[in-house]
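# Geometric and topological summary
Spelled out, the chains give:
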Amino acid sequence: MHDLDEQQWRELLQRLRRFALWLTREPGSADDLVQGTVERALARSSQQRDADALRAWLFTILYRLFLDGKRRERLHARWLSWFGHAEREEEAFGGNIENIVLAQADLQAFARLSAEQRALLLLVSIEGLSYKEAAVALQIPIGTVMSRLSRARAALRELTEGNPQPPALRRLK
Amino acid sequence: MTRLIPSEDELHAYVDDRLTPPRRAEVQAWLAANPQEAARIDAWRNDARRLRAALAGFGDQPGAAQLDLGQVQRRLRQRRQRRLASAAVLLLALGVGGLGGWQARQVTLAGNELPMADAVQAHRLFAGSEALDIQASDPTQLRDWLGRHFNRVGQLPDLTGYGFQPVGARLLSNEQGPAALLVFQDRAGQRISLFLRSPGQHYERMPQGQRVDGQLEARYWSHGAYNFALVSAADDVRGAGVGEALRLGL
């Protein structure tokens, strides 16, 4: 991890943060997630990895942390609902992310995919992970990677070109 | 010909550039002959390209926390040290609590019954008298006698080095079962005694200790199946050494 020069390190962080942003939809949580990932990676960085393997490994850690956080959140929500607080459906982007997404039609379509589809497309199409690496990172069998990829691409196609739907994200002010 | 028709998975792999070069060429040829499929694949590829363009720099938002690797490492180290420190404090607290609790227990029990009070009593009653079951000036004789009555006891050490010769022994009993008093004497006539018995109700795992009871001092400990006590004059400095020798031998 220390073999990376400053430029490579910054780029890697940007990639992690982009992935985290699309998972959490919230800049604050995304930063926490990236930081948690780096910390965990440093604590376990006894093994030497080349740059590509390191990237895949970091995405794997990040996604696991994200799932852990989700699990905790669900548990927390269940507790709250027991105590009479309604569960809150969180779908909107926080902070300035929403403006950026709204400004680009391509991102609007992408934002309407399911979280699993988004994660997979990000890893495969954007980050260039192999199918096997993506399977490891998302903790799913490779067969699921392929079928999910197929559905994600079809869905994105439909959202981009097919029946025009009203934008899902709207700033209410 | 069948081999040439690519599967759906292969078409995705083609888009993601994950096919072997020969297979890639085959799929390319197949797509050239199937314009409808080729259009579908092109659309996927265009989507991916547009997405890449739209997401370029997406992670680099203003206000993004900059992570300095060295800083993170320093923070991790600090956290580890803090955690170690907390663990130490916790251990200390547990230790103090445990020790305090144990001592409190001792104090509570001492209110009712002192450890090995019967040893001191036996010493007072019998050590001075000649009313011993056996008279033995030979250490081996005493050792044999002890082994006969208490089969789970270790080797009785020779106390000649401390100036003590065996006088004799007496078999006793109390509510805990049989007990023995072994009496030793130095040239000046000063007597010490070793008392042993089964553990009592309150002192099953009696901690090693000592206490002064009037003119006498008792050193007591547990080992194996028995509780032991050495009773000597409170001002006899040999008590500690003799006690240690007995504790190690028995």
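Residues numbered from 1 in each chain as written. Chains lettered and ligands numbered in written order. Predicted model: local features only at pLDDT ≥ 70, side-chain atom pairs only at ≥ 80, totals over all residues.

### Description of the overall build of chain B
- Along chain B, the regular secondary structure elements total seven helices and seven strands.
- Sequence-ordered secondary structure for chain B, helices as α and strands as β, is α-α-α-α-α-β-α-β-β-β-β-β-β-α.
- Per-residue burial over chain B gives 26% buried out of 250 residues.
- Across chain B, contacts joining residues at least 24 apart in sequence account for 54% of those joining residues at least 6 apart. (Helix = DSSP H or I, 4+ residues; strand = E, 2+ residues; numbered from the N terminus. Buried ≥ 20, exposed ≤ 12 C-beta atoms within 10 Å, placed from the backbone. Contact = placed C-beta atoms within 7 Å.)

### Some thoughts on the nonpolar core
- Residues Ala20, Leu62, Leu120, Leu123 and Ala134 of chain A are the most contacted members of the largest nonpolar core, which totals 44 residues.
- When residues in this core are grouped by element, the largest group, eight residues, is from helix α1 (residues 6-24) of chain A.
- Structurally, this core is a two-domain feature, drawing no fewer than three residues from each of domain 1 (1-98) and domain 2 (104-163) of chain A.
- Not counting residues up to four positions away in its chain, the partners in contact with Leu62 of chain A are Leu16, Phe19, Ala20, Leu33 and Thr37 of chain A.
- If you look at the next biggest cluster of nonpolar residues, it comprises 37 residues, including Ala122, Phe126, Leu142 and Val183 of chain B. (Core = buried A, V, L, I, M, F, W, Y, C linked by C-beta atoms within 7 Å. Domains from an automatic or database assignment.)

### Brief notes about the pairing of strand β5 (residues 209-213) of chain B
All names here are of chain B.
- Judged from the five bridges that link them, β5 and strand β6 (residues 216-223) form a sheet pairing that is antiparallel. Residue pairing for β6: Gln210 is matched across the bridge by Arg219.
- What sits between the antiparallel neighbours β5 and β6 is a turn of two residues, in which Gly214 has the positive phi angle 65 degrees. (Pairing = 2+ DSSP bridges.)

### Some thoughts on the interface of chain B and chain A
- On the chain A side, the residues contacting the 25 residues of chain B number 32 residues.
- Of all the secondary structure elements, the ones that give two or more residues to the side of chain B that touches chain A are α1 (8-15), α3 (35-55) and α4 (69-112) of chain B.
- Ranked by the residues each element gives to the side of chain B that touches chain A, the list is headed by α3 of chain B, at nine residues.
- Here the residues of the side of chain B that touches chain A sort into 13 nonpolar, four polar and eight charged. (Nonpolar A, V, L, I, M, F, W, Y, C, P; charged D, E, K, R; others polar.)

### What to know about the confidence of the model for chain A
Residues and elements named next belong to chain A.
- A residue-level look at chain A finds 79% of positions with pLDDT of 70 or above and a mean pLDDT of 81.
- Across chain A, element-level confidence peaks in helix α7 (residues 131-138) with a mean pLDDT of 94 and bottoms out in helix α4 (residues 97-103) with 69.
- Ignoring residues within four places in sequence, the model shows residues 163-167, a span with pLDDT below 50, making one contact including any to other chains. (pLDDT = per-residue confidence, 0-100.)

### Let's talk about the confidence of the model for chain B
Residues and elements named next belong to chain B.
- Per-residue confidence for chain B gives a mean pLDDT of 82, with 89% of residues at or over 70.
- No element of chain B has a lower mean pLDDT than α4, at 74, and none a higher one than α1, at 93.
- Among the prediction metrics, the complex's ipTM stands at 0.78, with pTM recorded as 0.54.

### Points about helix α7 (residues 238-249) of chain B
All names here are of chain B.
- With 12 residues, α7 ought to run about 16 Å at 1.5 Å a step, and its terminal C-alpha atoms sit 17 Å apart, in line with that.
- Listed as buried for α7 are Gly239, Val242, Gly243 and Leu246. Angular distribution of buried residues about the axis of α7 spans 100 degrees; they occupy a single face of the element. Turned more than 90 degrees from where α7 packs its buried face, Gly241 and Leu248 sit exposed.
- Next to the buried residues of α7 lie β4 (191-197), β6 and β7 (226-233). (Expected span 1.5 Å × (residues − 1). Arc of directions from axis to C-beta.)

### Regarding the environment of Leu156 of chain B
Residues and elements named next belong to chain B.
- Topologically, Leu156 is positioned in the loop between α6 (139-149) and β2 (165-174).
- Taking the C-alpha atoms as reference, Leu156 lies 9.5 Å from Arg247; in sequence the two are 91 residues apart.
- Those residues in contact with Leu156 that sit more than four places away from it in its chain are Pro139, Leu142, Arg143, Leu146, Gly249 and Leu250.

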